[in-house]
Amino acid sequence: MKRHDKPSAATIVLAASLALAGCASPLPIIQRDATPNPSSAYIAALFSGKGQGFGLGLTNTASGSRYLMPFFTYGSYFDAMVIFQVPEHKEAVNVIEVPSGTYRITHWAAYDPSNKEQFFEKKIDLSDSSSTFEAKAGRTVFIGRFKATQEAVVYKKIEFRILPLRASEMEFRELFQAAYPKFDSTRIDFWPPSVSSLGWY
């Protein structure tokens, strides 16, 4: 991947090493009025926060295919030159469509929403047996609630963070039904860590 050379390509301040190989473009978020495809699997999460392009990285454990789940949606126009004018996003349920299979949350990334080019990617190390989840055809799996922050530390230096938050099954079912009325809220699976407070960001 080439280095981003626009003014919005601020220096990223992180305590961990950054990996840029194998970047995946963010998948489209399913439209709110969409009817689910019974042969497809769906992954859902709650996202909120302050920032521009954030994505949660998912990897299919069988094929190795990588997917990036966007935190936020944007209108038809986005000015990549205003990275220091950081928008605030209300919490929303986002859903993406993926092939059925076993997945793992492996990383998160910040990217330029105007051209999908990544600023950086940070690895998430969930190595225990509960780190994988099943995305089944005709069903939706809820993988958690996440809050993003993007703050200017000094001129041309930006700090990006994400924080997993607690969410109950009942709360998510209600929010999911309101956001996606054509999906069946009874056909939801819950990845166990999604309803607890995780300690990584």
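Residues numbered from 1 in each chain as written. Predicted model: local features only at pLDDT ≥ 70, side-chain atom pairs only at ≥ 80, totals over all residues. Heavy atoms only, no water.

S.K.: Which residues make up the environment of G138, and what values do they have?
M.R.: Within the element layout of this structure, G138 appears in the loop between strand 8 (132-135) and strand 9 (140-154). The class for G138 is partly exposed, based on a relative accessible area of 23%. When the C-alpha positions of G138 and S39 are compared, they lie 5.7 Å apart, and in sequence the two are 99 residues distant. (Helix = DSSP H or I, 4+ residues; strand = E, 2+ residues; numbered from the N terminus. Buried < 20%, exposed > 50% of the residue type's maximum accessible area, 1.4 Å probe, protein only.)

S.K.: How would you sum up the nonpolar core? Please name residues and give values.
M.R.: Within the largest apolar cluster, 30 residues are counted, with the highest numbers of intra-cluster contacts made by I43, L56, F71, F133 and I143. Not counting the four nearest positions on each side in its chain, F133 is found in contact with I43, L58, G101, T102, Y103, R104, I105, V141, I143 and W191. Counting 17 residues, the second-largest nonpolar core is a separate cluster that includes I29, F176, F183 and F190. (Core = buried A, V, L, I, M, F, W, Y, C linked by side-chain atoms within 4.5 Å. Contact = heavy atoms within 4.5 Å.)

S.K.: So what about the packing of aromatic side chains? Which residues, and what values?
M.R.: Here the structure, examined in full by the defined rule, presents 19 aromatic pairs. For the ring pair Y42 and F183, a centre distance of 5.0 Å and an interplane angle of 85° mean the geometry is edge-to-face. Residue Y42 is located in strand 2 (residues 41-50), and its partner F183 is located in the loop between helix 1 (169-179) and strand 11 (188-190); the two are separated by 141 residues in the primary sequence. Judged by relative accessible area, which is 3%, Y42 ranks as buried. F183 gets classed as buried once you look at its relative accessible area, which sits at 7%. For the ring pair F142 and F172, a centre distance of 3.8 Å and an interplane angle of 20° mean the geometry is stacked. On the criterion of sequence distance, the pair formed by F142 in strand 9 and F172 in helix 1 is long-range, its members being 30 residues apart. (Phe/Tyr/Trp six-rings, centres within 6.5 Å; stacked < 30°, edge-to-face > 60°.)

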